[in-house]
Amino acid sequence: MSKPARVLTFKCVKCEKPVKVFLQKVSACSHIQPYQGVCACGELRRHATGSKDAVESYLASPEGQWSHHH
């Protein structure tokens, strides 16, 4: 199994400039790989890959309030 990328780049939804998101530290499981970054314009960008339910939970949670448990 390959490791998830540590950095991904997306287009900012606010200013359309590139914004880098960084892999966040989580438990050593493959259910979710959450990413987060802030654009130069100040817009927060979150992204995640993995289990559909875990990804939806992460993206719907308030900033800094998400945690993953088994």
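Cut-off values and rules
Residues numbered from 1 in each chain as written. Predicted model: local features only at pLDDT ≥ 70, side-chain atom pairs only at ≥ 80, totals over all residues. Heavy atoms only, no water. Helix = DSSP H or I, 4+ residues; strand = E, 2+ residues; numbered from the N terminus. Buried < 20%, exposed > 50% of the residue type's maximum accessible area, 1.4 Å probe, protein only. Polar contact = N/O pair within 3.5 Å; in protein donor to acceptor, adjacent residues only side chain to side chain. Contact = heavy atoms within 4.5 Å. Arc of directions from axis to C-beta. Core = buried A, V, L, I, M, F, W, Y, C linked by side-chain atoms within 4.5 Å. Phe/Tyr/Trp six-rings, centres within 6.5 Å; stacked < 30°, edge-to-face > 60°. Lys NZ or Arg CZ within 6 Å of the ring centre and 35° of its normal. Salt bridge = Lys/Arg side-chain N within 4 Å of Asp/Glu carboxyl O.

Draft legend 1. Seen up close, the side chain of Arg46. Summarising the element assignment, Arg46 is placed in strand β4 (residues 44–50). Residue Arg46 is classed as buried on the basis of its relative accessible area, which comes to 17%. Within polar-contact distance, the side chain of Arg46 engages the backbone oxygen of Tyr58 at 3.4 Å. Among the polar contacts made by the side chain of Arg46, one reaches the main-chain carbonyl oxygen of Ser61 at a distance of 2.4 Å. Sequence-distant contacts of Arg46, defined by excluding residues within four places in its chain, comprise Tyr35, Gln36, Tyr58, Leu59, Ser61, Pro62 and Glu63.

Draft legend 2. How the structure looks around helix α1 (residues 52–60). Among the residues of α1, those classed as buried are Ala54, Val55 and Tyr58. Down the axis of α1, the sector holding all buried residues measures 100°, keeping them to one side. Those residues of α1 that are exposed and aimed more than 90 degrees away from the buried face are Lys52, Asp53 and Ala60.

Draft legend 3. Quick peek at the nonpolar core. Core analysis: the largest hydrophobic core is formed by six residues, namely Ile32, Ala48, Ala54, Val55, Tyr58 and Trp66. For this core, the leading source of residues is α1, giving three residues. Sequence-distant contacts of Ala54, that is, excluding residues within four places in its chain, are made with His31, Ile32 and Trp66.

Draft legend 4. Molecular detail of the packing of aromatic side chains. Tallied over the full model, the rule gives zero aromatic pairs. One cation-aromatic arrangement involves Arg46 over Tyr58; the distance from NZ or CZ to the ring centre is 4.9 Å.

Draft legend 5. Fine view of the pattern of salt bridges. By the definition in use, this model includes one salt bridge. With a shortest N-O distance of 3.9 Å, Lys52 and Glu56 are connected by a salt bridge. Here Lys52 pairs with Glu56, and both are found in helix α1, just four residues apart, close to one helical turn. On the basis of relative accessibility, which here comes to 61%, the residue Lys52 falls in the exposed class. Take Glu56: its relative accessible area is 43%, and that puts it in the partly exposed class.

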